[in-house]
Amino acid sequence: MKTTSVYHGFAMQYEELSKEIVKRITAAAVVEKLYLLGLTTAYQRTETLFSVQSATRREVTHYYLLVLIEKNDEHSLNSVQDKIEGSLQHFLPVTAIVFSYVHFSRWLSEGHPFAAAVYEKAFPLYQKDEVPLPFPATANEEVIRKEADQLYAQSSIRVQEFLAGAELYRIRVQYKMAAFMLHQAAEQALITILKIITGLHLNTHSIDRLIRCCTLASDKFSAIFPRNNDREERLFQLIQKAYIGARYKEDYNINGEHLLKLTERVKALDKLMKEVCSNGLKLAGEFD
């Protein structure tokens, strides 16, 4: 049964905007189904000596979408994902999660938690044909909870080890390898958060994409890397590019000051992982 929430209210309120997004996405890719996973809104109010009663205005600044397409080739999924996001970058930023229709149907048949949540709760924006998705199978909550507990315990250890490695490389003045270790710590934390809270695992090394997707679990992640000015954007790009750049690119450079700042950010991310995942596991336990 579909549920109604503030999220659904927002989805219906911005119906015309959603129609334009659907139009652009279906022009960029052959889409079977399209779901709204979430949206970000910003509030703006201007008060001046001439207009102290200015009304607060709310506008959408980001859409989070699940796009189901026909093909099931990993490389094509990635290219479709990039094409969809690129087609909307000058209209409204979107984060598109792309899977094949067949793959998503199989998840439903297996009781996959992400697929089941979409089926039960997500707001549908578009459907190409009237081919019904299978009803989600009943998941084994005990198994899911046990796997989540194990993942959280293992990931917490890995994040700490990567942070320790980053500190060792920093002391040895091997700043590039320290940056790579920080990237690995951040990637591990974000993948864990996304998996435990949403049930979704993304095979990507992009910190940018992982942070955007983790916003589905909490809106606090963007505050760790705000990217609201040139200085913050440059700092973020140092960790975003560290996976390849720190090991293979001669033009990748990072100094000790930037390394310390990134270390603080990744430690904040680790703390947020503990907070978000612990709350998620606690809530899951209450329904056992």
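Above this note sits the structure.
Figured I'd write up the structure that's included with this text. (Residues numbered from 1 in each chain as written. Predicted model: local features only at pLDDT ≥ 70, side-chain atom pairs only at ≥ 80, totals over all residues. Heavy atoms only, no water.)

Examining the overall build of the protein
Part 1: On a plain count of helices and strands, the protein comes out with 12 helices and four strands.
Part 2: A principal-axis box enclosing the C-alpha atoms of the protein has dimensions of 60 × 60 × 40 Å.
Part 3: Of all intrachain contacts in the protein linking residues separated by at least 6 positions in sequence, the fraction that spans at least 24 positions is 71%.
Part 4: Approximately 16,000 Å² of the protein is accessible, and the part contributed by carbon and sulfur atoms is 54%.
Part 5: Charged side chains of the protein number 35 positive and 35 negative; the gap between the two group centres comes to 4 Å. (Helix = DSSP H or I, 4+ residues; strand = E, 2+ residues; numbered from the N terminus. Contact = heavy atoms within 4.5 Å. Areas by Shrake-Rupley, 256 points an atom, 1.4 Å probe, with all protein chains shown as cover. Lys, Arg positive; Asp, Glu negative; His and termini not counted. Charge placed at Lys NZ, Arg CZ, Asp CG, Glu CD.)

Considerations on unusual backbone geometry
Part 1: Positive phi, normally seen in glycine, also occurs at V173, with a value near 60°.
Part 2: Inspection of the secondary structure puts V173 in the loop between helix 6 (141-171) and helix 7 (175-198).
Part 3: Of the residues examined, V173 reaches a relative accessible area of 55% and is grouped as exposed.
Part 4: In the Ramachandran plot, R227 falls in the positive-phi region, its phi being about 55° despite a non-glycine side chain.
Part 5: Inspection of the secondary structure puts R227 in the loop between helix 9 (221-224) and helix 10 (230-240). (Buried < 20%, exposed > 50% of the residue type's maximum accessible area, 1.4 Å probe, protein only.)

Re the packing of helix 6 against helix 7
Part 1: Their axes nearest at 8 Å, the elements helix 6 and helix 7 cross at an angle of 165°. If you check the angle between helix 6 and helix 7, you find them roughly antiparallel. The handedness of the crossing between helix 6 and helix 7 is left-handed. In this structure, helix 6 contributes A148, L151, Y152, S155, R158, V159, F162, L163, G165, A166, Y169 and R170 to the contact, and helix 7 contributes Y175, M177, A178, M181, L182, Q184, A185, Q188, A189, T192, K195 and I196.
Part 2: A breakdown of the residues in the contact of helix 6 with helix 7 according to their chemical character gives 16 nonpolar, five polar and three charged. (Axes fitted to C-alpha atoms, helices over the stretch in contact; angles between N-to-C directions. Parallel < 35°, antiparallel > 145°, perpendicular 65-115°, else oblique. Left-handed = near helix turned anticlockwise from the far one by under 90°. Nonpolar A, V, L, I, M, F, W, Y, C, P; charged D, E, K, R; others polar.)

Here we look at the sheet that holds strand 2 (residues 57-69)
Either a parallel or an antiparallel arrangement is found when strands of a sheet pair, and the pairing is made through backbone hydrogen bonds.
Part 1: One open sheet holds the four strands; their spatial order is 3-2-1-4, and the pairing between them is mixed. Of all strands in the sheet, those with a lone pairing partner are strand 3 (94-100) and strand 4 (123-127), marking the two edges. Taken pair by pair, the neighbouring strands of this sheet meet at an average axis angle of 25°, ignoring direction.
Part 2: In this fold helix 2 (residues 15-28) packs onto strand 1 (31-44), strand 2 and strand 4, with an angle of close to 35° to the strand it touches most, strand 2.
Part 3: Relative to the sheet, helix 4 (residues 101-110) contacts strand 1, strand 2 and strand 3, its axis offset from that of strand 3 by approximately 80°. (Pairing = 2+ DSSP bridges.)

Some thoughts on the nonpolar core
Part 1: In terms of nonpolar packing, the biggest core is built from 60 residues, with L66, F104, F114 and F221 touching the most fellow members.
Part 2: Here this core gets 13 residues from one element, more than from any other, and that element is helix 7.
Part 3: Sequence-distant contacts of F104, that is, excluding residues within four places in its chain, are made with L66, L68, F114, A115, V118 and L133.
Part 4: Counting 25 residues, the second largest nonpolar core, distinct from the first, contains Y14, A29, I84 and V94. (Core = buried A, V, L, I, M, F, W, Y, C linked by side-chain atoms within 4.5 Å.)

Focus on helix 4
Part 1: For helix 4, the full list of buried residues reads Y101, H103, F104, S105, W107 and L108.
Part 2: Phi for G111, located one or two positions after helix 4, is positive at around 75°.

Quick look at helix 2
Part 1: Its 14 residues give helix 2 an end-to-end C-alpha distance of 20 Å, which sits within 8% of 20 Å, the value for a rise of 1.5 Å per residue.
Part 2: Taken together, the buried positions of helix 2 are occupied by S18, I21, V22, I25 and A28. All buried residues of helix 2 project into a common sector of 130° when viewed along the axis, lining one side. Looking at helix 2, the residues exposed on the side facing more than 90 degrees away from the buried face are E16, K23 and A27. (Expected span 1.5 Å × (residues − 1). Arc of directions from axis to C-beta.)

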